[in-house]
Amino acid sequence: GVPNIMTADGPAGLRIEPKCGVYTTAWPCATMLAATWNPQLVEEVGRAAAHEVRENNISIWLTPAMNIHRSPLCGRNFEYYSEDPFITGACAAAVTDGLQSFRRAGVTLKHFACNNQEDNRHGTNVHISERAIREIYLKGFELCVKKARPEAVMSAYNLINGIHCANHYDLLTTVLREEWGFDGIVMTDWGTTSQAGNEGRKYKASTCAGCIQAGNDLIMPGAKEDFDNLYRSVCDGEVSMVQIRRSAGRLLRMMLRLSLT
């Protein structure tokens, strides 16, 4: 009786493999949408995208991407709205309102947080003050969470002050859930917990147990290695069944909400 929930990547359109002659729209990139200064237009993009999301049996669209334009050299700036956190939050909230007005479709805010370079993003340790992160890098996420109530948030690959975002309790629980009131799910980015190549890394990969402890509910894309590591962590007492059930409960609530409304 558990509903089937499918995700698809974004953000400049629904990214799925063409099948049976069905194609999806390539929307203008986020930077261009933000340059219109027109939240109503951005919301209409979200509404139009929602039709394609549902037509292709997708429940969670992995968009909007809303990191700050920290440097013109960032390889994914075109996916992000602006160097200004207010414009970023307003645009993200608009596309979220548009898509989620269909009730059976949800967005994923990403990449939370400070993912401001594409090269070596697994090995980037962002050194930042609390004032800077709250006023610039988190503010857009905060505006969107409080105004539009997105279904999901994706944690980033990078570290913040020496802690992986996916293992960062203060980021994913204290700030996101307790301060801002976020009640959706948190998922990792793809391959966050992969231990391949750890020997050559300055910073080892984030851990599966650390993800659950910090507030991630879903480890993507999911692998037997993750299952085995989490099982051992539970057996060793590193992760409690309370934490497992908490994450499972959030996932089930999201799945039922998207399937029944």
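Here the structure is a predicted model, which is why all the values come from computation and not from measurement. (Residues numbered from 1 in each chain as written. Predicted model: local features only at pLDDT ≥ 70, side-chain atom pairs only at ≥ 80, totals over all residues. Heavy atoms only, no water.)

Chemist: For this particular structure, what's the right way to read the overall build of the chain?
Modeler: Each helix and strand in the chain was counted, giving nine helices and eight strands. Rg of the C-alpha trace for the chain: 18 Å, near the compact-globule value of 18 Å for 261 residues, within the 12% margin. Counting only C-alpha atoms, the chain reaches 50 × 45 × 35 Å along its principal axes. In the chain, buried positions account for 51% of the 261 residues. (Helix = DSSP H or I, 4+ residues; strand = E, 2+ residues; numbered from the N terminus. Rg over C-alpha atoms; globule rule 2.2 N^0.38 Å. Buried < 20%, exposed > 50% of the residue type's maximum accessible area, 1.4 Å probe, protein only.)

Chemist: Mind showing me how you'd approach the pairing of strand 5 (residues 152–155) here?
Modeler: Sheet faces and side chains relate simply in a regular strand, where the side chains alternate between the two faces. The two faces of strand 5 match: Ala152 and Met154 on one face and Val153 and Ser155 on the other face are all buried. Bridging between strand 3 (residues 106–112) and strand 5 involves three bridges; their strand directions are parallel. Looking at the pairing, Leu109 lines up with Val153 of strand 5. As paired elements, strand 5 and strand 8 (residues 185–187) share three bridges and run parallel to each other. Bridge pairing links Met154 to Met187 in strand 8. (Pairing = 2+ DSSP bridges.)

Chemist: Before we go on, may I ask you to explain the packing of helix 3 (residues 85–100) against helix 5 (residues 139–148) in this structure?
Modeler: The axes of two packed helices give the description: the angle between them and the distance between them. Packing of helix 3 against helix 5 brings their axes to within 8 Å, and their N-to-C directions diverge by 35°. Between helix 3 and helix 5 lies a crossing of right-handed hand. Contacts between helix 3 and helix 5 involve Pro85, Phe86, Gly89, Ala92, Ala93, Thr96, Asp97 and Gln100 from the first element and Lys139, Gly140, Leu143, Cys144, Lys147 and Ala148 from the second. In the contact of helix 3 with helix 5, the residues fall into seven nonpolar, four polar and three charged. (Axes fitted to C-alpha atoms, helices over the stretch in contact; angles between N-to-C directions. Left-handed = near helix turned anticlockwise from the far one by under 90°. Contact = heavy atoms within 4.5 Å. Nonpolar A, V, L, I, M, F, W, Y, C, P; charged D, E, K, R; others polar.)

Chemist: Would you mind going over the sheet that holds strand 2 (residues 60–62) with me for this structure?
Modeler: The strands making up a sheet associate through backbone hydrogen bonding, with each pair oriented either parallel or antiparallel. What the five strands build is an open sheet, ordered 1-2-3-5-8; its pairing is parallel. This sheet does not close on itself; its edge strands, each paired only once, are strand 1 (7–9) and strand 8. Taken over all neighbouring pairs, the strand axes of this sheet differ in orientation by 25° on average, direction set aside.

Chemist: Quick question: what am I supposed to make of the environment of Asp217 here?
Modeler: With respect to the helices and strands, the residue Asp217 is situated in the loop between helix 7 (208–214) and helix 8 (224–235). Using a relative accessible area of 6% as the deciding quantity, one classes Asp217 as buried. Taking C-alpha positions, Asp217 is 15 Å from Ser233, a pair spaced 16 residues apart along the chain. Not counting chain neighbours up to four residues away, the residues in contact with Asp217 comprise Arg177, Gly184, Ile185, Val186, Ser247, Arg250 and Leu251.

Chemist: Mind showing me how you'd approach the pattern of salt bridges here?
Modeler: Pairing is possible between side chains of opposite charge, provided their charged atoms come close. Tallied over the full model, the rule gives 19 salt bridges. Across the salt bridge formed by Glu79 and Arg76, the nearest N and O atoms sit 2.9 Å from each other. Arg76 matches Glu79 in its accessibility class, with the two residues each being buried. Notably, a salt bridge pairs Arg177 with Asp217, separated by 2.8 Å at the nearest N-O pair. (Salt bridge = Lys/Arg side-chain N within 4 Å of Asp/Glu carboxyl O.)

Chemist: Explanation requested: the sheet that holds strand 4 (residues 125–126) in the structure shown.
Modeler: Taken in spatial order, the three strands make up an open sheet running 4-6-7, and their pairing is mixed. This sheet does not close on itself; its edge strands, each paired only once, are strand 4 and strand 7 (163–164). As paired strands, strand 6 (residues 159–160) and strand 7 are joined by two bridges and run antiparallel to one another. Residue pairing in the sheet places Leu159 in a bridge with His164 of strand 7.

Chemist: Sorry, what's going on with the side chain of Arg76 here?
Modeler: Topologically, Arg76 is positioned in the loop between strand 2 and helix 3. Excluding residues that lie within four positions of it along the chain, Arg76 makes contacts with Lys110, His111, Glu118 and Arg121.

Chemist: Looking at this model, I keep getting lost on the side chain of Thr88. Mind explaining?
Modeler: Looking at where Thr88 falls in the secondary structure, it is placed in helix 3. In this structure Thr88 comes out as buried when scored by relative accessible area, which is 0%. Ignoring anything within four residues of it in the chain, the contact list for Thr88 reads Met66, Ile68, Tyr81 and Ser82.

Chemist: Explain the pairing of strand 3 here, please?
Modeler: Summarising burial for strand 3: seven of the seven residues are buried, a large majority. Bridge count for strand 2 against strand 3 is two bridges, and the pairing is parallel. Counterpart to Trp61 in the pairing with strand 3 is Val107. For the crossover that starts at strand 2, traverses helix 3 and ends in the parallel strand 3, the hand is right-handed. (Right-handed = clockwise from strand over helix to strand, strands pointing away.)

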